[in-house]
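# Coordinates in review
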Amino acid sequence: MSRNIFASSPRRLLFGVGQRLSSTLECPTPKTTAVPIVQNEMPDCEFQPPCYRGPSYEDIKKLRKNHLTPNILSYYKKPLLIHAGHKQWLYDHNGKRYLDMFGGIVTVSVGHCHPKVKRALEEQSDTLWHTTNIYMHPKIHEYAEKLTAKFPGDLKAVCFVNSGSEANDLAMLMARVHTGNHDILTLRNCYHGMSPYTMGLTAHSTWRFPLPGVSNGIHHVMNPDPYQGLWGGSHCRDSPVQVNRECDCMKNGPCLATNMYYKELEQTFLHSLPCGKVAGMFAESIQGVGGTVQYPRDYIKKAATLVRANGGLFISDEVQTGFGRTGEYYWGFEGHGIIPDIVTMAKGIGNGFPLAAVVTTPKIAKSLGMALHFNTYGGNPLASAVGLAVLEVIEEEQLQKNSLEVGTYFLKCLSELRDRYEIVGDVRGKGLMIGIELVNDRETKTPLSTLHVMEIWEQCKDMGVLLGKGGLNGNIFRIKPPMCIGKDDVRFAVDVLSRAIYDFLEKQKKKKPSS
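Residues numbered from 1 in each chain as written. Predicted model: local features only at pLDDT ≥ 70, side-chain atom pairs only at ≥ 80, totals over all residues. Heavy atoms only, no water.

This part covers the overall build of the protein chain. Within the protein chain, the regular secondary structure consists of 12 helices and 16 strands. When the backbone C-alpha atoms are referred to their principal axes, the protein chain occupies close to 75 × 60 × 45 Å. For the protein chain, the proportion of its 515 residues judged to be buried stands at 55%. Here the protein chain has roughly 22,600 Å² of accessible surface; of this, 54% comes from carbon and sulfur atoms. Considering the protein chain, the positive charge centre built from 58 side chains and the negative charge centre built from 50 side chains are found 4 Å apart. (Helix = DSSP H or I, 4+ residues; strand = E, 2+ residues; numbered from the N terminus. Buried < 20%, exposed > 50% of the residue type's maximum accessible area, 1.4 Å probe, protein only. Areas by Shrake-Rupley, 256 points an atom, 1.4 Å probe, with all protein chains shown as cover. Lys, Arg positive; Asp, Glu negative; His and termini not counted. Charge placed at Lys NZ, Arg CZ, Asp CG, Glu CD.)

In structure tokens:
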């Protein structure tokens with residue numbers, strides 16, 4: 001453990017925090033040195049799950065070990081056996097209730113087992129399950145019309161698939177076939193899937209197999225990260241909470257960090273790509289697996305312009321940020337002030353049902369007509385019925401608005417934890433797409449060790465709050481709950497996290513040799 005774990009002076013870097021947004025909200029963590037008490041009890045829930053009647057916990061562990069491939073990893077030292085779900089709640093085989101702050105890896109958008117979505121699936125299953133699209137069936141057409149109506153500009157053609165990897169795989173194909181070019185750009189620290197094709201897009205060594213040809217024609221450019229990157233600070237990102245280091249940018253003026261990162265992107269075009277011959281660039285609107293990393297203002301807009309000037313298409317990966325999760329906008333790319341050429345989406349699109357899509361312009365979509373291309377399950381009647389119901393629930397229950405209001409409250413409450421605890425290096429995000437980066441040293445931003453992160457994480461679970469983890473070093477808590485959560489849930493979650501961090505730090509103090 002670094003001797004600087006309780007150091008407090010943030011460094012000043014070029015474009016790096018003048019002032020942090022202060023919170024006027026009644027957040028649950030006071031700025032005191034007293035032991036934090038979990039004042040907010042777990043919110044009530046009237047739902048009673050049915051009794052678990054499956055195999056025993058020990059039998060499940062044996063079955064998992066003997067029959068599932070070893071890449072299927074479990075969270076926690078003693079993995080949870082989840083038996084039931086309701087709205088923002090999960091229940092284990094013993095009936096213990098947990099507040100789900102990870103939403104099935106950013107997948108449960110409108111709430112576990114939402115009654116309207118469940119009813120739509122049941123009604124469709126009584127009529128027609130599957131035919132493939134060699135025959136017409138009504139639901140795919142109704143759904144396509146409703147989904148594409150959510151997009152600006154000429155983004156009116158959709159191809160349905162089954163997962164985010166499939167969607168990005170298809171978008172790669174479209175970009176290369178439509179432009180006639182081969183090279184594709186992505187950002188370091190991005191995640192775009194794990195199929196053999198999309199593995200090359202993903203820029204995490206931990207997610208890459210040593211296979212020949214995986215990175216064929218793919219270039220990973222510098223990630224414009226205002227917190228861990230070379231440039232960026234308190235005026236650079238679109239979030240209620242800014243980076244805690246000084247910044248030379250004017251609050252409403254041009255972002256100097258964007259200009260520096262853009263120059264690095266230009267270097268890739270100058271030195272690594274055929275002149276004017278790029279197929280496209282992929283970017284998540286906010287990086288998900290990489291730890292909820294946001295970019296400096298206007299970087300994406302400038303990057304898209306450069307890509308198009310060189311013959312390419314700009315592809316927005318909305319697998320995690322779409323469907324109102326970021327609050328202010330329905331799609332994350334809208335926050336960057338652009339209309340992409342291709343948009344990919346999955347996860348929240350089906351609230352946990354296998355469903356994904358690629359939306360593009362009719363002109364680009366024509367490229368798929370150059371050869372036969374087919375997806376057996378894409379847009380099947382069951383998936384289409386579910387997708388249509390999810391869109392309706394988001395509108396009827398105003399979940400985009402809820403993401404904005406509750407998410408902003410959440411972020412400002414978490415910023416109080418950053419003020420209080422030196423190991424909380426950064427709090428960031430938009431709406432209910434939130435990240436908390438834990439560090440061993442505020443000045444160097446050295447990641448908190450995996451074992452220490454897990455100690456805090458495990459205690460949160462024991463106290464009833466389930467968090468995700470992310471980032472290359474696994475030191476970032478990912479908070480992406482069902483969009484139906486309320487402020488009572490936020491207060492409880494922040495109380496629990498505060499207590500877990502406090503207990504961890506107290507243990508570290510006791511381990512420190514006295515001088």
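What follows is about empty space enclosed by the protein. Considered as a void within the structure, the second largest cavity measures approximately 50 Å³ in volume. In this structure, the second largest cavity is lined by V106, T107, V108, S109, V319, Q320, G322, F323, R325, A346, G348 and M483. Of the residues belonging to the lining of the second largest cavity, the class tally is six nonpolar, five polar and one charged. (1 Å grid on protein atoms, 1.4 Å probe; cavity = no way out; pocket = protein on both sides within 12 Å on 5 of 7 lines; lining within 4 Å. Points joined across faces, edges and corners; volume = space filled by probe spheres on them. Nonpolar A, V, L, I, M, F, W, Y, C, P; charged D, E, K, R; others polar.)

On inspection of all chains with the given rule, the structure shows 19 salt bridges. Between K116 and E392 there is a salt bridge, and its shortest N-O distance comes to 3.2 Å. Pair noted here: K116 is in helix α3 (residues 115-125) and E392 is in helix α9 (residues 381-396), with a separation of 276 residues, a long-range link. For E392, a relative accessible area of 24% puts it in the partly exposed group. (Salt bridge = Lys/Arg side-chain N within 4 Å of Asp/Glu carboxyl O.)

The subject of this paragraph is the domain arrangement of the protein chain. As assigned here, the protein chain comprises domain 1 (57-109 + 399-511) and domain 2 (115-397). A separation of 25 Å is found between the C-alpha centroids of domain 1 and domain 2. Contacts between the two partners involve 38 residues from domain 1 and, on the opposite side, 41 residues from domain 2. For the pair domain 1 and domain 2, the summed buried surface comes to about 3,300 Å²; carbon and sulfur atoms form 52% of the total. Three residues stand out in domain 1 for area buried against domain 2, namely Q400, K430 and K445, and they jointly supply 22% of the buried area on that side. Here domain 1 is connected to domain 2 by three salt bridges. We note a salt bridge from K430 to E328, for which the minimum N-O separation is 2.7 Å. For the pair domain 1 and domain 2, the interface holds 28 residue pairs in polar contact (both at pLDDT 80 or more). Those elements giving two or more residues to the side of domain 1 that touches domain 2 turn out to be α2 (103-106), α10 (399-420), β11 (424-430), β12 (433-441) and β16 (476-479). In terms of residue count, α10 provides more of the side of domain 1 that touches domain 2 than any other element does, nine residues in total. Across the side of domain 1 that touches domain 2, the residue classes break down as 16 nonpolar, 12 polar and 10 charged. (Domains from an automatic or database assignment. Contact = heavy atoms within 4.5 Å. Buried area = accessible area lost by both parts, 1.4 Å probe. Polar contact = N/O pair within 3.5 Å; in protein donor to acceptor, adjacent residues only side chain to side chain.)

Right, let's talk about the sheet that holds strand β1 (residues 82-86) for a bit. Note on sheets: strands pair through backbone hydrogen bonds, and any given pair is parallel or antiparallel. Strand order in the open sheet formed by four strands is β1-β2-β3-β14, with mixed pairing between adjacent strands. The sheet terminates laterally at β1 and β14 (465-466), the two strands that pair on one side only. (Pairing = 2+ DSSP bridges.)

Here we come to a nonpolar patch on the surface. Among the surface-exposed residues, I134, Y135 and F374 lie close enough to one another that they form a single nonpolar patch of about 370 Å² accessible area. Relative to the elements of secondary structure, I134 occurs in the loop between α3 and α4 (138-148). (Patch = residues over 30% accessible without salt bridge, like charges linked within 9 Å, V, L, I, M, F, W, Y side chains within 5 Å.)

We now examine the nonpolar core. Of all hydrophobic cores here, the largest spans 103 residues; its most connected members are L147, Y299, M345, F410, L414, I456 and L497. Among the elements that make up this core, the one with the highest residue count is helix α12 (residues 487-511) (11 residues). Residues lining this core come from more than one domain, with at least three contributed by each of domain 1 (57-109 + 399-511) and domain 2 (115-397). Not counting the four nearest positions on each side in its chain, F410 is found in contact with M101, L432, I434, I479, I485, V490, A493 and V494. Within the second largest apolar cluster, 20 residues are counted, among which are I184, A279, I342 and V358. (Core = buried A, V, L, I, M, F, W, Y, C linked by side-chain atoms within 4.5 Å.)

In this structure the tally under the stated criterion is 14 aromatic pairs. Between Y75 and Y76 the ring centres are 5.8 Å apart and the planes differ by 80°, which places this aromatic pair in the edge-to-face class. Using a relative accessible area of 8% as the deciding quantity, one classes Y76 as buried. Ring centres 4.3 Å apart and planes at 20° place the aromatic pair F151 and W331 in the stacked group. (Phe/Tyr/Trp six-rings, centres within 6.5 Å; stacked < 30°, edge-to-face > 60°.)

Once that is clear, we can look at the pairing of β16. For a regular strand, the rule is simple: side chains alternate between the two faces of the sheet. In β16, alternate side chains face the same way, and those of I476 and R478 on one face and F477 and I479 on the other are all buried. Here β12 runs beside β16; their pairing, made up of four bridges, is antiparallel. The residue bridging E437 from the neighbouring strand is I476, located in β16. As paired elements, strand β15 (residues 468-470) and β16 share three bridges and run antiparallel to each other. Following the sheet pairing, G470 is matched in β16 by I476. Count of turn residues in the β15/β16 antiparallel hairpin: five residues, of which G471 carries a positive phi of about 85°.

The subject of this paragraph is the sheet that holds strand β6 (residues 218-221). Pairing within the open sheet is mixed, and its seven strands lie in the order β4-β10-β9-β8-β7-β5-β6. Single-partner strands in this sheet number two, and they are β4 (157-161) and β6. On average, adjacent strands in this sheet sit at an angle of 20° to one another, irrespective of strand direction. Judged from the three bridges that link them, strand β5 (residues 183-187) and strand β7 (residues 278-284) form a sheet pairing that is parallel. Residue L185 lies in a different strand from β7, and its bridge partner there is M281. In the packing of helix α7 (residues 299-309) onto the sheet, contacts are made with β5, β6, β7 and β8 (313-317), and the angle to β7 comes to roughly 165°. (Axes fitted to C-alpha atoms, helices over the stretch in contact; angles between N-to-C directions.)

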